[in-house]
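Chain by chain, the residues run as shown.
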Amino acid sequence: MKLYEYYRSSASYRLRIALNLKQVTVETVQIHLLRNGGEQHTQAYRAINPQGRVPCLVLDDGTTLIQSPAILEWLEETYPQPPLLPAGALARAHVRSIAALIACDIHPLNNTSVLAYLKTDLAQPQPAVDSWYAHWIRLGFETLEQMVAAPYCCGDAVTLADVMLVPQVANARRMNVDLSAFPRIVAAEQACLALPAFAAARPEAQPAAH
Ligand SMILES: N[C@@H](CCC(=O)N[C@@H](CS)C(=O)NCC(=O)O)C(=O)O
């Protein structure tokens, strides 16, 4: 399988974590989101993923999967061990609530193309763009802080909620968002990063970062 990704993309980071946890090996191809006006916009990449975003997973039979939540669910169904969803409909719904809060309500507002639209098309100065970024993270984290348990997001087992949380916290750190009001989120993040599967998936641990 071939994973089209960008080492600094948090949606790609989610997949690297899940693939590591499930010990699934893939070939990775970097699509640099900033270089040459954004390699995601090239005709060659759009022929693979018409949405022009990362990540994108191309299976051995040529089938293309896009959208990290869908790919994570596919991975979970195809490689069930170790499970990243708990047993029981309610527990699964809780994990998916956290995952959706991050993937649907925080991340899309801080995406590269959204920030570029604010800055270029709407002529917003950089401080206003930075403030927008931090605002949506803070708002989402205020709710998340009340939802996460210990040691991981949903208790003793790593779940899809952690797979979503760690990259989102990394984004917050990269943008210098103050996390002091979110000790439970930070504790869950640190517990995850102590695991090799998470540590090896960090953007700074990728060869492309160097
Ligand atoms: N909902 C999508 C989001 C994918 C996405 O927006 N990825 C970002 C990087 S984290 C991207 O490719 N941005 C390129 C752009 O906005 O032009 C998913 O979870 O896969």
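Residue indices follow the written sequence of each chain, beginning from 1 at its first position. Totals for whole chains, interfaces and linings use all residues, but because this is a predicted model, local features are given only for residues with pLDDT of at least 70 and pairs of side-chain atoms are given and counted only at 80 or more. The side-chain quantities take in all heavy atoms of the structure and omit both hydrogens and water.

Student: Pulling in residues and values, what's your account of the packing of helix H4 (residues 89-106) against helix H7 (residues 160-174)?
Tutor: Each axis is a line fitted through C-alpha atoms, taken for helices only over the stretch in contact, and angles between the N-to-C directions span 0 to 180 degrees. Per the convention used, a helix needs a DSSP run of H or I reaching at least four residues, while a strand needs a run of E reaching at least two, with both numbered from the N terminus. Where H4 meets H7, the closest approach of the two axes is 7 Å, and the angle between their N-to-C directions is 30 degrees. With respect to each other, H4 and H7 are oriented roughly parallel. Between H4 and H7 lies a crossing of left-handed hand. Counted together, Val95, Ile98, Ala99, Ile102, Ala103 and Ile106 of H4 and Leu160, Ala161, Met164, Leu165 and Gln168 of H7 form the full contact between these two elements. Should an angle lie under 35 degrees it is considered roughly parallel, over 145 roughly antiparallel, and from 65 to 115 roughly perpendicular; all remaining angles are considered oblique. Note on convention: near helix rotated counterclockwise from far helix by under a right angle means a left-handed crossing. Clockwise means right-handed. Any two residues whose heavy atoms approach within 4.5 Å are treated as being in contact.

Student: Account for the site of the ligand, naming residues and giving values.
Tutor: One heavy atom suffices: a residue is near a molecule or strand as soon as one of its heavy atoms comes within 4 Å of it. Around the ligand, 17 residues are found, and the nearest of them are Val54, Gln67, Ser68, Asn111 and Ser113. Pairs of N or O atoms within 3.5 Å make up the polar contacts considered here, provided that, within protein, one atom can donate a hydrogen while the other can accept it, and that residues adjacent in sequence are counted only when both atoms are side-chain atoms. One of the side-chain nitrogen or oxygen atoms of Arg53 is found 3.1 Å away from an oxygen atom of the ligand. The contact in question runs from an oxygen atom of the ligand to an N or O atom on the side chain of Ser68, over 2.6 Å. Each accessible area is a Shrake-Rupley result for a 1.4 Å probe, and residues are judged covered by the shown protein chains and nothing else. When the free accessible area of the ligand is taken as 510 Å², the share hidden by the protein chains comes to 92%.

Student: Report on the layout of surface pockets, specifying residues and quantitative values.
Tutor: Using a 1 Å grid laid over the protein atoms alone, points where a 1.4 Å probe fits but cannot get out form a cavity; open sets with protein on both sides within 12 Å along at least 5 of 7 lines form a pocket; any residue with an atom within 4 Å of a point counts as lining. Grid points are joined across faces, edges and corners, and a volume is the space filled by probe spheres set on the points. The computed volume of the largest pocket comes to approximately 950 Å³. Around the largest pocket, the lining is made up of 40 residues, and of these Leu33, Asn110, Asn111, Thr112 and Ser113 lie nearest the centre. Counting residues per element, the ones that place at least two in the lining of the largest pocket are helix H1 (10-21), helix H3 (68-78), H4, helix H5 (112-121), helix H6 (126-147) and H7. With 5 residues, the single largest contributor to the lining of the largest pocket is H5. Under this grouping Gly is polar, as are all residues other than the nonpolar Ala, Val, Leu, Ile, Met, Phe, Trp, Tyr, Cys and Pro and the charged Asp, Glu, Lys and Arg. Among the residues forming the lining of the largest pocket, the class breakdown is 15 nonpolar, 18 polar and 7 charged. No fewer than three residues from each of domain 1 (2-82) and domain 2 (89-198) sit in the lining of the largest pocket. Around the second largest pocket sit 15 residues that line it, and Tyr13, Ala170, Asn171, Pro203 and Glu204 are the ones nearest its centre. For the purposes of this description, domain bounds are those given by an automatic or database domain assignment.

Student: Please provide a residue-by-residue account of H6, values included.
Tutor: Residues three or four positions apart in an α-helix share a direction because the helix packs 3.6 residues into each turn. Here, expected helix span is obtained from the residue count minus one, scaled by 1.5 Å. For H6, with 22 residues, the first-to-last C-alpha span of 32 Å sits near the 32 Å given by 1.5 Å per residue. Where H6 is concerned, the buried positions are Val129, Tyr133, Ala134, Ile137, Gly140, Phe141, Leu144 and Glu145. Residues of H6 that are buried make contact with H4, H5, H7 and helix H8 (183-193). Burial classification: accessible surface area is computed with a 1.4 Å probe over protein chains only, and a residue below 20% of its type maximum counts as buried, one above 50% as exposed, and the rest as partly exposed.

Student: So what's going on with the environment of His135? Residues and values would help.
Tutor: Inspection of the secondary structure assignment puts His135 in helix H6. Sequence spacing of His135 and Gln23 is 112 residues, and the spatial spacing of their C-alpha atoms is 36 Å.

Student: Describe in detail the pairing of strand S1 (residues 2-5), supporting the description with residues and values.
Tutor: Strand pairing follows a simple DSSP-based rule, namely that at least 2 bridges must link the two strands. One ladder, built from 4 bridges, connects S1 with strand S2 (residues 27-30); its direction is parallel. Within the sheet, the bridge partner assigned to Leu3 lies in S2 and is Thr28. In the classification by handedness, the crossover that spans S1, the intervening H1 and the parallel S2 is right-handed. The pairing of S1 with strand S3 (residues 56-58) spans 3 bridges and is antiparallel. By the bridge assignment for S3, Leu3 is matched with Leu57. By convention, a crossover is right-handed whenever its connection, traced from the first strand over the helix to the second and viewed with the strands pointing away, goes clockwise.

Student: Can you explain the packing of aromatic side chains? Please cite residues and give values.
Tutor: Pairing of aromatic rings covers Phe, Tyr and the six-membered ring of Trp, with a centre-to-centre limit of 6.5 Å; geometry is then stacked below 30 degrees between planes, edge-to-face above 60, and tilted otherwise. Throughout the structure, instances matching the rule amount to 5 aromatic pairs. Between Phe141 and Phe182, the ring centres sit 5.6 Å apart and the planes meet at 85 degrees, which makes this aromatic pair edge-to-face. Here Phe141, found in helix H6, pairs with Phe182, found in the loop between H7 and H8; they are 41 residues apart in sequence, far enough to count as distant. For the pair formed by Phe141 and Phe182, the shared burial category is buried.

Student: How would you explain H3 if you had to name every residue and give the values?
Tutor: Looking only at H3, the buried set comprises Ser68, Ile71, Leu72, Leu75 and Glu76. Along the axis of H3, the buried positions cluster into a sector of 140 degrees, meaning they face one direction only. For H3, the elements touching its buried residues are H1, S3, strand S4 (64-66) and H7. Think of it as the arc spanned by the lines of direction from the helix axis to the C-beta atoms.

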